[in-house]
Amino acid sequence: GGYSVYLGPKLVSELKLMNVSLDKAVDYGWFGVVATPILWFMSFLHSLIPSWGFVIIALTFIIKLLLHPINKKSMMSMKGMQQLQPKLKELKAKYPDDKQKQQQEMMQLFRTHKVNPMGGCLPMVLQMPIYFALYKVLWNAIELYHVPFLFYKDLSAPDPYYIAPILLGVFMFLQQKLTPSPTTDSSQKTMMMIMPVMFTVFMLFLPVGLVVYIFVNTVVSVIQQYMIKRDISLRDVIRGKWQPKDA
């Protein structure tokens, strides 16, 4: 009996034509359940948008749009936490030696004011699988291997000029400044301000395509937070109004 041999790049569209599940040779690890649909959707977008770099930017906007209600709720929750800080301090002063009573009163306070103390973490929790999946796609998908974008020669390689990671750090710092702080603890605030620097260093070694995704995501987040903070709706922006409604 004979046998067939495939010699060529691990291009999923071609591997599927073999009809022997050869497309599974492209291993995305634990994040395959997210990476596979992301690559499929990116391939669909690429049929409409010639540049893979702009496909990543389009993907960012689409995911950001889908998560907008959650992001807005998160911002409102963090703003509510900030407003409750004086009352939380009062509770700590009222029950200095009774931690259990403190916790009970704090939870009651959150329920009364309809504030979720963990609400600010939800957008990041939802985004993390996408970050890891996109990293796997950029690392494994031959479609994005050595693909140029603007002045970059390879979206799957780290930024050789360090431009995108540094710009990302700048916008992450702006995001931190615009984000309502849920705590008055100075050490926690300092840690939050150091995070953009740590993230920038981390991004120096990751594919520029992933940095582009996170950078665009952060820029859009900064604009969203500015709008939410000043009660500016999308309808106002379309009409050319960038001033607060009460201004």
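Before reading on, note that the structure itself is shown above.
Residues numbered from 1 in each chain as written. Predicted model: local features only at pLDDT ≥ 70, side-chain atom pairs only at ≥ 80, totals over all residues. Heavy atoms only, no water.

Time to look at the nonpolar core. Generally speaking, a soluble globular protein has its nonpolar side chains buried in company with each other. Core analysis: the largest hydrophobic core is formed by 38 residues, its most contacted members being Ile-38, Met-42, Leu-59, Leu-134, Val-137, Leu-155 and Tyr-213. For this core, the secondary structure elements donating two or more residues are helix 2 (32-46), helix 3 (52-94), helix 5 (122-140), helix 6 (163-178) and helix 8 (208-229). If we skip the residues at most four places from it in the chain, Met-42 touches Trp-52, Val-55, Ile-56, Leu-59, Leu-134, Val-137 and Leu-144. Met-81, Leu-84, Tyr-95 and Leu-109 belong to the second-largest nonpolar core, a separate cluster that totals 9 residues. (Core = buried A, V, L, I, M, F, W, Y, C linked by side-chain atoms within 4.5 Å. Buried < 20%, exposed > 50% of the residue type's maximum accessible area, 1.4 Å probe, protein only. Helix = DSSP H or I, 4+ residues; strand = E, 2+ residues; numbered from the N terminus. Contact = heavy atoms within 4.5 Å.)

Moving on to helix 6. In this model helix 6 runs 23 Å from its N-terminal to its C-terminal C-alpha over 16 residues, within 8% of the 22 Å that 1.5 Å per residue would give. Taken as a whole, helix 6 has its buried residues at Ala-164, Pro-165, Leu-168, Gly-169, Met-172, Gln-176 and Leu-178. (Expected span 1.5 Å × (residues − 1).)

On to the pattern of salt bridges. Under the defined criterion, the tally for this structure stands at 1 salt bridge. Lys-101 is the partner of Glu-105 in a salt bridge, and the nearest nitrogen-oxygen pair spans 3.4 Å. On the criterion of helical spacing, the pair formed by Glu-105 and Lys-101 is a turn pair, its members being 4 residues apart in helix 4 (residues 99-112). Residue class for Glu-105 comes out partly exposed when judged on its relative accessible area of 26%. Assessed through its relative accessible area of 28%, Lys-101 is described here as partly exposed. (Salt bridge = Lys/Arg side-chain N within 4 Å of Asp/Glu carboxyl O.)

Another aspect to go through is the packing of aromatic side chains. Taken as a whole and judged by the stated rule, the model has 8 aromatic pairs. Each ring, one from Phe-171 and one from Phe-215, has its centre 5.5 Å from the other, and the planes form 85 degrees; the classification is edge-to-face. Here Phe-171 is found in helix 6, whereas its partner Phe-215 is found in helix 8, with 44 residues between them in sequence. The class of Phe-171 is partly exposed, set by a relative accessible area of 23%. Taken together through their ring pairs, the aromatic side chains of Trp-40, Phe-41 and Phe-44 make up a single cluster. (Phe/Tyr/Trp six-rings, centres within 6.5 Å; stacked < 30°, edge-to-face > 60°.)

Next up on the list: the packing of helix 6 against helix 8. Interhelical geometry of helix 6 versus helix 8 gives an angle of 25 degrees and a closest axis separation of 9 Å. The angle between the axes of helix 6 and helix 8 places the two elements in the roughly parallel class. The handedness of the crossing between helix 6 and helix 8 comes out as left-handed. Counted together, Ala-164, Pro-165, Leu-167, Leu-168, Phe-171, Met-172, Leu-174, Gln-175, Lys-177 and Leu-178 of helix 6 and Val-211, Ile-214, Phe-215, Thr-218, Val-219, Ser-221, Val-222, Gln-225, Tyr-226 and Lys-229 of helix 8 form the full contact between these two elements. Each residue belonging to the contact of helix 6 with helix 8 can be placed in one class, and the counts come to 14 nonpolar, 4 polar and 2 charged. (Axes fitted to C-alpha atoms, helices over the stretch in contact; angles between N-to-C directions. Parallel < 35°, antiparallel > 145°, perpendicular 65-115°, else oblique. Left-handed = near helix turned anticlockwise from the far one by under 90°. Nonpolar A, V, L, I, M, F, W, Y, C, P; charged D, E, K, R; others polar.)

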